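In case you want the letters, here they are:
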Amino acid sequence: VMQTTFIGVDVSKAELVISVGDQAAVSVTNDTSAIMRWLASLPQDCSVAMESTGRYHLLLAQLALQAGLNVYVLNARDVFFYAKALGARAKSDALDCVVIRRYLQEHVQSLYPWQPGTPVQQQLHLLLTRRAQLSAHQAALKQTLKAVDLPGPQMVHLMESFKALLQAIDEQVVHLISSDDAMHQGCQRLQSITGIGPQTSALLTELLSRLHFANSDALVAYSGLDPRANDSGTKRGRRRLSKRGPALLRRQMYLAAFAASHSKALKPLYAHIRAKGFSTTESMVILGRKLLRVAFAVWRSNAVFDPAQLLPKIA
């Protein structure tokens, strides 16, 4: 029986630092030709793991998958706490790739191999991510220049340029979703949910078409909106969100909950949650989590949203 070779790779913009078995770490330039030469030197049955690093890990992941390797893209937060549990007393690229390899070797049975989305999904994901970053930069600039009295129309022109660029991205997002019938119809159904607008529906459409969650609990866990227990014996500790998933998804669901809490249809539900003693933020998170479960159900059932199903039952 052929044994699997486990490989850990620490990825940066310029290079890959690689740990294969008990061999000393080696480095490879993070470009196509160098990576392909290295992949050609590997044995047949290999599993390679790397942390999610924005876009720098994507070239390695794609080329390794094409070469027939089992590819795993790990949550950097999980690897960080794993390294602490090992008692790591130092940090370097050479040490990090060993930790990644050990994490893969110990947890491979519970990990899901990485699969790229379709070209439309990849482009959609990139546009939505960049749009969120652009919007954050716009808000930061407005705050920075708030107390500055700029002469002339420069500030107006700057904000209009941001607005035009965001609108152009939105138009491209709509075009990409419309190019796929299943995505287009699913997006339309998601927008029937109170509080979910074009931005959130586009984000959920990309996510739910790319990743197939077993149930709504899995989706909530992926989002990081799941409450994390902190109990010991008879002590019941304070619940906090795990925040393990994409921050953008959590932000959009919070904004959706805010919009829903001010709507005629779901304002009674928000009031019902508040009446249980939850704070405003806690209530928004709970409502956002409910909306995420509804989005999963709407996506899977091919049905539009019925607000009556979410309203509290009055005895």
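All figures in this text were calculated on a predicted structure; none of them were measured in a lab.

Asks: Could you clarify how one ought to interpret a positive patch on the surface in this entry?
Replies: Residues Arg77, Arg228, Arg238, Arg240 and Lys243 make up a contiguous surface patch of positive charge. Note on placement: Arg238 falls in the loop between β8 (235–236) and β9 (240–241).

Asks: What should I look at first to understand helix α10 (residues 247–261) in this one?
Replies: Note that an α-helix has 3.6 residues per turn; residues three or four places apart therefore point the same way. Counted at 1.5 Å a residue, the expected span for α10 with its 15 residues is 21 Å, and the 21 Å between its end C-alpha atoms agrees. Among all positions in α10, only Leu249, Arg250, Gln252, Met253, Ala256, Ala257, Ala260 and Ser261 are buried. The inward-facing, buried residues of α10 abut α8 (198–210), α9 (216–223), α11 (267–275) and α12 (280–301).

Asks: Hey, could you run me through the sheet that holds strand β2 (residues 15–20) in this one?
Replies: Two modes of strand pairing occur in sheets, parallel and antiparallel, and in both the strands are linked by backbone hydrogen bonds. Strand order in this open sheet of 5 strands is β3-β2-β1-β4-β5, and the pairing throughout is mixed. Bordering the open sheet on either side are β3 (26–29) and β5 (70–74), each of which pairs with just one other strand. For this sheet, the mean angle separating the axes of adjacent strands, direction not counted, is 25°. The strands that helix α4 (residues 93–107) touches are β1 (5–11), β2, β4 (46–51) and β5; relative to β1, the one it contacts most, it runs at about 140°.

Asks: Would you mind going over unusual backbone geometry with me for this structure?
Replies: Glycine aside, the phi torsion of most residues is negative, and most peptide linkages are trans. Look at Lys243: it is not a glycine, yet its phi comes out positive at around 50°. Here Lys243 is to be found in the loop between β9 and α10. Phi angles above zero are rare outside glycine, and Asn302 is one such case at about 60°. Tracing the backbone through its elements, the reader meets Asn302 in the segment after α12.

Asks: What am I meant to see in the side chain of Thr205 here?
Replies: Structurally, the position occupied by Thr205 is in helix α8. Using a relative accessible area of 0% as the deciding quantity, one classes Thr205 as buried. A distance of 2.7 Å separates a polar atom in the side chain of Thr205 from the backbone oxygen of Ser201. Setting aside chain neighbours within four positions, we find Thr205 in contact with Met183, Gly186, Cys187, Leu190 and Trp299.

Reading guide: rules and limits
Sequence order as written defines the numbering, with residues in each chain counted from 1. In keeping with the predicted nature of the model, local features appear solely for residues at pLDDT of at least 70, side-chain atom pairs appear and are counted solely at 80 or more, and the whole-chain, interface and lining totals rest on all residues. Side-chain metrics in this entry use all non-hydrogen atoms of the structure; hydrogen atoms and water are not considered. The patches reported here contain residues having more than 30% relative accessible area and no salt bridge. Joining distances are 9 Å for like charges and 5 Å for nonpolar side chains (Val, Leu, Ile, Met, Phe, Trp, Tyr). Note on areas: Shrake-Rupley with a 1.4 Å probe; residue coverage comes only from the protein chains shown. Any carboxyl oxygen of Asp or Glu that lies within 4 Å of a side-chain nitrogen of Lys or Arg is treated as forming a salt bridge with it. Asp and Glu are treated as the negative residues and Lys and Arg as the positive ones, with His and the ends of the chain left uncounted. To locate a charge, take atom NZ for lysine, CZ for arginine, CG for aspartate or CD for glutamate. Under the scheme used here, helices are H or I runs from DSSP no shorter than 4 residues and strands are E runs no shorter than 2 residues, and both carry numbers assigned from the N terminus. How far a helix is expected to stretch is found by multiplying one less than its residue total by 1.5 Å. Accessibility here uses a 1.4 Å probe with only protein chains present; expressed as a share of the type maximum, an area under 20% marks a residue as buried, one over 50% as exposed, and anything in between as partly exposed. The contact criterion used throughout is that any non-hydrogen atoms of two residues lie within 4.5 Å. Paired strands, as defined in this entry, are two strands with at least two bridges between them according to DSSP. Between N-to-C directions, angles cover 0 to 180 degrees, with each direction set by a line fitted to C-alpha atoms, over the stretch in contact for helices. Here a polar contact is recorded for every N or O atom pair within 3.5 Å, except that within protein the pair must consist of a potential hydrogen donor and a potential acceptor, and residues adjacent in sequence are included only if both atoms are side-chain atoms.

Shape is all these values report; function is a separate question.
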